[in-house]
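# Structural description and commentary
Listed here are the chains, written in short residue letters.
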Amino acid sequence: MTCHHLDERIDHGPIISTQGFPIWPGDTEASLKHRAAIHSLALLNETLNTILNGKPLASCGAEWEEHLYTYKELALAQSSINKSLDTKPALEALEAVMKEDALAKAEQDEKHDAAKDRSAA
């Protein structure tokens, strides 16, 4: 999965972050779509957190491969994708990631408040 700044060319703008996952021997098109959706949502969540924290979306240093896909190639690939992908599992996974982030933030806030209370005493 790749998060990048858009420019006038396909798969060309500066790459902000990437996230890969393994392809297992028993994978099917459906299982790959499911895991790709989960990883895409996790990458989106990470990117949105960066934006919400006021940090810049700087390039991570990753580079694009030389082959840039044409609109015809993308249209052909898209036509082969099954449009009935069940997004419920991916959304549930994103919700779990967001809950983990919220719990970690709450724990950090609690530790910070406790340290503040000790220093005030």
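Just above, that's the structure.
In short, a report on the structure.

What counts, and where the lines are drawn
- Every chain's residues receive numbers from 1 upward, in the order its sequence appears when written.
- Two thresholds apply to this predicted model, a pLDDT of at least 70 for residue-level local features and 80 or more for giving and counting side-chain atom pairs, whereas whole-chain, interface and lining totals are computed over all residues.
- Water and hydrogen atoms were dropped before computing side-chain values, which therefore reflect all heavy atoms in the structure.
- Strands here are runs of E lasting at least two residues and helices are runs of H or I lasting at least four, both read from the DSSP assignment and numbered beginning at the N terminus.
- Note that the radius of gyration is over C-alpha atoms, with the globule rule given as 2.2 Å times the number of residues to the power 0.38.
- Relative accessibility decides the category of a residue: with a 1.4 Å probe and only protein chains considered, values under 20% of the type maximum give buried, values over 50% give exposed, and everything between is partly exposed.
- Here, residues are in contact when the closest pair of their heavy atoms is within 4.5 Å.
- Accessible areas in this description were obtained via Shrake-Rupley with a 1.4 Å probe; residue shielding takes into account the shown protein chains only.
- Aromatic contacts are taken between Phe, Tyr and Trp rings whose centres are within 6.5 Å, Trp giving its six-membered ring; a plane angle under 30 degrees counts as stacked, one over 60 as edge-to-face, and the others as tilted.
- Charge-over-ring placement is defined geometrically: NZ (Lys) or CZ (Arg) within 6 Å of the ring centre, and within 35 degrees of the ring normal.
- Patch membership requires over 30% relative accessible area and the absence of a salt bridge. Like charges are linked within 9 Å, and nonpolar side chains (Val, Leu, Ile, Met, Phe, Trp, Tyr) within 5 Å.
- What counts as a salt bridge is simple: a side-chain nitrogen of Lys or Arg found within 4 Å of a carboxyl oxygen of Asp or Glu.
- Disulfides are defined as cysteine sulfur pairs within 2.5 Å.

What follows covers the overall build of the protein chain. Counting its regular elements, the protein chain contains 3 helices and 2 strands. Along the chain direction, N to C, the helices and strands of the protein chain fall in the order β-β-α-α-α. The globule rule puts the C-alpha radius of gyration for 121 residues at 14 Å, and the 19 Å found for the protein chain is more than 25% above it. Each of the three principal axes of the protein chain carries a C-alpha extent, and together these read 70 × 35 × 25 Å. Per-residue burial for the protein chain yields a buried fraction of 17% across its 121 residues. Long-range pairs, those at least 24 residues apart, make up 62% of the contacts in the protein chain between residues at least 6 apart in sequence. Of the roughly 9,400 Å² that the protein chain leaves accessible, carbon and sulfur atoms contribute 59%.

Another aspect to go through is the packing of aromatic side chains. By the definition in use, this model includes 0 aromatic pairs. If you follow Arg35 out to its NZ or CZ, it ends over the ring of Trp24, 3.8 Å from the centre.

Attention now goes to a nonpolar patch on the surface. A contiguous nonpolar patch, built from Leu44, Leu48, Ile51 and Leu52 and spanning about 400 Å² of accessible area, is present on the exposed surface. Position of Ile51 relative to the elements: it lies in helix H1 (residues 29-52). Residue classification places Ile51 among the partly exposed positions, given a relative accessible area of 46%.

Under the criterion given, the structure shown has 0 disulfides. In this model Cys3 remains outside any disulfide bridge; the closest cysteine sulfur is found in Cys60, 9.2 Å from its own. Here Cys3 falls in the buried class, since its relative accessible area comes to 17%. By relative accessible area, which is 44% here, Cys60 ends up partly exposed.

Relative to the elements of secondary structure, Asn45 occurs in helix H1. Judged by relative accessible area, Asn45 falls into the buried class, the value being 7%. Sequence-distant contacts of Asn45, that is, excluding residues within four places in its chain, are made with Leu94, Val97, Met98 and Asp101.

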